[in-house]
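Okay, here's what each chain looks like letter by letter:
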Amino acid sequence: MTAYRTHLANDLSLALAGRRVQLAGWVARVRDLGGIHFFDLRDSGGLVQVVVDPESVPAASGLRMEYCVSVEGTVRARPEGTENPELETGELEVAADQVEILSRSAPLPFMIDDRTEADEQIRLRYRYLDLRRPRMSANLRARSACIRAIRETLDGMGFLDVETPTLVNSTPEGARDFLVPSRLRPGQFYALPQSPQLFKQLLMVSGVERYYQIARCYRDEDTRADRQVEFTQLDLEGSFWDREDVLATVERVVAEVVRRLRGVELSLPLPRLTHSESLARYGTDKPDLRFGMEIGDLSSVFEGTGFRGFGGVLGRGGVVRGINAGPRGFSRAELDRLVDRAKALGAAGLVWAVVQPDGSLRSPVAKFLDSGEIGGTVRVLGASPGDVLLLVADREKIAAGVLGALRLDLGQPPGHDALRFVWVVDFPVFEQTEAGDLAPSHHPFTAPVSVDEMRERPADAVAHAYDLVLNGSELGSGSVRIHDPDIQRSVFEILGISAEEAESRFGWFLEGLRYGTPPHAGFAVGIDRLVSILRDEPSIREVIPFPKTQSGADPLTTAPTRVATAHLAELGIDLTPATKASLGDEAGG
Ligand code: ASP
């Protein structure tokens, strides 16, 4: 097959017994059994046992872990009783009569083994060794298979794969830009794209009716759980499309990826929830539908209640909501911990209640509730004796968010054996920031369902925007776009971006929209997240070949690093005294 081998380990089978083969790979495990040496030879595809007599093959005595070797020998069945059913080649071995050490390995920083888990910092520092582990090499192959499935599906549908630049002008997606200084134009900066959004829209103006790209995106976000500052999306866009075209296309691609990575047929179309339904029933816009425990609305049950804890909140326009955590047998201490958790999540309090065999409730507040309220609560939450009910009375957003988080704490299955996709549709155009301003809930190029409604009551306006959610994780989002420059200007206005600012930041794009822009819509799917869930990995870092740590550092290359003052000077950049001081430079004083 190559200069060094005739077969990969996993090509071998007993059908080849008696055949001479030449293999090449790494020494995965060495055993010396009374003068006979056994070792496992690992290559990119698998593992096979090699048996060698060091008397006749002296090189065999010098083998150490992870040496790179080539081996020649004969395939034979393993002696009865020594087969290894866990190995694809577990029935056979190669009796070697030639072993050549191609290169030696320094002592290893950790075992190249799926059973021992080294510290992540060390794994990333020696990522090239980490990637030799079977699990990691399977992850690399799954990622490649995912991208192949995407390309084959979209190529087959007539999509054009178009590259867009990565030294660009800002493309806002709600994060900070990474900036790259220009040497030829000192004092001026490129931004790395947060997404190819504006370029793909301009490609629609160009008449590319179906575009996709496996696109690297960069978002300078503060450390958030399981995010990377640099990540990969399947980015796509279509002209003369509306929402249904996007959803159908993405479903086709995702179904093909799932078929190839999991061998499972998704039943299409995927289910849908509106954004407001999702918030009401699951307390989040990325609901995990692998389990029930839906949030129940108890406000009407407690209307006019004599229990002041709830009555006061309802009187101020708040809500009472609850979940049924099922039969739990929680101790008092465990229930108290749930109360603490709810408070840590921002609720003023949490009421727990355990349904008794006679339908009454055991709860610190039971004595304040009348039988109608108890019966109503049990009915709305579908409760049976033994069930633990958790109730929050608060502002709607807090009650939903807290119960949504408790629901995950109590019900979210570990791992990703089951796959539950759901579309969340009809997102609002804008969301309120902490400071009370409006910000785009996706990005500012998203079309409102009704332009008039958006202009009159922007905070309530619904967008043609949708997310794809898998097992409680957001896989991606998309929308129908604004293709009318006037509507685009209105959105900037509502966002408090002045005409001058819009012109200076996006004038180039707005101008493009003036030349016969077709209606268009699109989507982007996070490939890292999709592959990590399909591979049942706990983090996207496990499926990114060379990821960064949570703080955006790369332990392998040590990036980001300092650069020489002369290099900075060439770029017209000087560090502030405070930065110099923090770096310990004398110049910083
Ligand atoms: N540009 C969007 C994003 O990166 C996706 C889209 O709207 O197509 O999330």
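Being a predicted model, the structure only gives us computed values, none of them experimental.

Caption draft 1: Structural detail: the packing of helix 12 (residues 485-494) against helix 13 (residues 499-513). At a minimum axis distance of 10 Å, the contact between helix 12 and helix 13 shows a crossing angle of 160 degrees. The angle between helix 12 and helix 13 places the two elements in the roughly antiparallel class. Between helix 12 and helix 13 the crossing geometry is right-handed. Of the residues in helix 13, those touching helix 12 at P485, Q488, R489 and F492 are A502, E503, F506, F509, L510 and L513. For the contact of helix 12 with helix 13, the per-class residue count stands at 7 nonpolar, 1 polar and 2 charged.

Caption draft 2: Examining the packing of aromatic side chains more closely. Summed over the entire model, instances satisfying the criterion amount to 13 aromatic pairs. With centroids separated by 4.8 Å and ring planes inclined at 85 degrees, the aromatic side chains of F302 and F310 adopt a geometry described as edge-to-face. When sorted by exposure, F302 lands in the same class as F310, which is buried. Here the aromatic rings of F445 and F506 are separated by 5.9 Å at their centres, their planes lie at 85 degrees, and the arrangement is edge-to-face.

Caption draft 3: Seen up close, the sheet that holds strand 16 (residues 387-394). The strand order 12-13-16-14-15 describes an open sheet built from 5 strands, whose pairing is antiparallel. Only two strands of the sheet have a single partner each, and these edge strands are strand 12 (296-297) and strand 15 (361-362). Sheet topology places strand 14 (residues 351-355) next to strand 16; 4 bridges connect them, and they run antiparallel. Across the sheet, the residue bridging to V351 is L391, located in strand 16.

Caption draft 4: Molecular detail of the layout of surface pockets. Volume-wise, the second largest pocket comes out at about 920 Å³. Around the second largest pocket sit 32 residues that line it, and R42, L47, L87, D114 and P134 are the ones nearest its centre. Counting residues per element, the ones that place at least two in the lining of the second largest pocket are strand 1 (20-33), strand 2 (36-42), strand 3 (47-52) and helix 3 (134-156). If one sorts the elements of the lining of the second largest pocket by residue count, helix 3 sits on top with 5 residues. Looking at the lining of the second largest pocket residue by residue, the classes come out as 12 nonpolar, 7 polar and 13 charged.

Caption draft 5: Region of the structure containing the sheet that holds strand 2. Around the barrel, which closes on itself, the 5 strands sit in the order 1-2-3-5-4 with mixed pairing between neighbours. The average undirected angle you get between the axes of adjacent strands in this sheet is 55 degrees. Here strand 1 runs beside strand 2; their pairing, made up of 7 bridges, is antiparallel. In the sheet register, V27 faces strand 2, and the bridge partner there is L41.

Caption draft 6: Spatial organisation of the pattern of salt bridges. Following the criterion strictly, the structure yields 45 salt bridges and no others. The partner of R42 in a salt bridge is E66, with the nearest N and O atoms 2.7 Å apart. Highlighted residues: R42 in strand 2 and E66 in the loop between strand 3 and strand 4 (68-77), separated in sequence by 24 residues. We classify R42 as buried; its relative accessible area is 6%. When the shortest N-O distance is used, the salt bridge between R481 and E237 registers 2.7 Å. Of this pair, R481 sits in the loop between strand 21 (473-480) and helix 12 while E237 sits in strand 10 (residues 230-239), and the two are 244 residues apart along the sequence. Each member of the pair, R481 as well as E237, is classed as buried. Here the salt bridges do not stand alone but share partners, grouping D114, E117, R123, R127, D130, R133, R135, E537 and E542 into one network.

Caption draft 7: Here's a closer look at the site of the ligand. Lining the immediate environment of the ligand, one finds 13 residues, of which E173, Q197, K200, H443 and R481 sit closest. Taking Q233, its side chain carries an N or O atom lying 3.1 Å from an oxygen atom of the ligand. Separating an oxygen atom of the ligand from a backbone N or O atom of F523 is a distance of 3.5 Å. When the free accessible area of the ligand is taken as 270 Å², the share hidden by the protein chains comes to 94%. Counting residues per element, the ones that place at least two in the shell around the ligand are helix 4 (197-205), strand 21 and strand 22 (520-526). Of all the elements, strand 22 adds the most residues to the shell around the ligand, at 3 residues.

Caption draft 8: The arrangement of helix 14 (residues 527-534) in detail. When you tally the buried positions in helix 14, you get 8 out of 8 residues, the bulk of the element. Considered for burial, the residues of helix 14 that qualify are I527, D528, R529, L530, V531, S532, I533 and L534. At the C-terminal side of helix 14, D536 shows a positive phi close to 55 degrees.

Caption draft 9: Structural context of the environment of V264. Its location among the elements puts V264 in the loop between helix 5 (243-262) and strand 11 (272-274). Relative accessible area serves as the criterion here: at 35%, V264 is assigned to the partly exposed category. Sequence separation of V264 and A28 is 236 residues, and the distance between their C-alpha atoms is 33 Å. Among residues more than four places away in sequence, those in contact with V264 are V258 and R259.

Caption draft 10: Looking closely at the pairing of strand 22. With 7 of 7 residues buried, strand 22 lies mostly within the body of the structure. The two faces of strand 22 match: H520, G522, A524 and G526 on one face and A521, F523 and V525 on the other face are all buried. Pairing of strand 10 with strand 22, which is carried by 7 bridges, proceeds in the antiparallel orientation. For G238, the partnering residue across the bridge sits in strand 22 and is A521. Strand direction decides the pairing type here: strand 21 and strand 22, joined by 5 bridges, are antiparallel. Each bridged residue has a counterpart across the sheet, and for V480 the counterpart in strand 22 is A521.

Parameters and conventions
- Here, residues in each chain are numbered from 1, in the same order as that chain's written sequence.
- Restriction of local features to residues with pLDDT of at least 70 applies here, the model being predicted, together with a cutoff of 80 or more for giving and counting side-chain atom pairs; totals for whole chains, interfaces and linings are based on all residues.
- To obtain the side-chain values, all non-hydrogen atoms of the structure were used and water was disregarded.
- Lines are fitted to the C-alpha atoms to define the axes, a helix being fitted only along its stretch in contact, and any angle between axes, read from their N-to-C directions, falls within 0 to 180 degrees.
- Helix and strand labels come from DSSP, where a helix needs a run of H or I of at least four residues and a strand needs a run of E of at least two; each type is numbered from the N terminus.
- Note on angle classes: values under 35 degrees are labelled roughly parallel, values over 145 roughly antiparallel, values of 65 to 115 roughly perpendicular, and the remainder oblique.
- The crossing is said to be left-handed when, going from far helix to near helix, the turn is anticlockwise and less than a right angle, and right-handed when the turn is clockwise.
- Residues are treated as being in contact if the distance between any of their heavy atoms lies within 4.5 Å.
- Three categories are distinguished: nonpolar for Ala, Val, Leu, Ile, Met, Phe, Trp, Tyr, Cys and Pro, charged for Asp, Glu, Lys and Arg, and polar for the others, with Gly belonging to the last.
- Note on aromatic contacts: the rings of Phe and Tyr and the six-membered ring of Trp form a pair at centre separations within 6.5 Å, being stacked when their planes are under 30 degrees apart, edge-to-face when over 60 apart, and tilted otherwise.
- Think of it in three bands: with a 1.4 Å probe and only protein chains considered, a residue is buried below 20% of the maximum accessible area for its type, exposed above 50%, and partly exposed in between.
- By the convention used here, strands pair only if DSSP detects at least 2 bridges between them.
- Using protein atoms alone on a 1 Å grid, points that fit a 1.4 Å probe yet trap it form a cavity, whereas open point sets bounded by protein on both sides within 12 Å along at least five of seven lines form a pocket; residues with an atom within 4 Å of a point count as lining.
- Grid points are joined across faces, edges and corners, and a volume is the space filled by probe spheres set on the points.
- Within this document, salt bridges are pairs made up of a side-chain nitrogen of Lys or Arg and a carboxyl oxygen of Asp or Glu, the two lying within 4 Å of each other.
- Near is defined per residue: the residue qualifies when any heavy atom it owns lies within 4 Å of the molecule or strand.
- Counted as a polar contact is a pair of N or O atoms within 3.5 Å, where, for protein atoms, one must be capable of donating a hydrogen and the other of accepting one, and residues adjacent in sequence contribute only when both atoms are in side chains.
- Using a 1.4 Å probe, the Shrake-Rupley method yields the accessible areas, and only the shown protein chains count as cover for residues.

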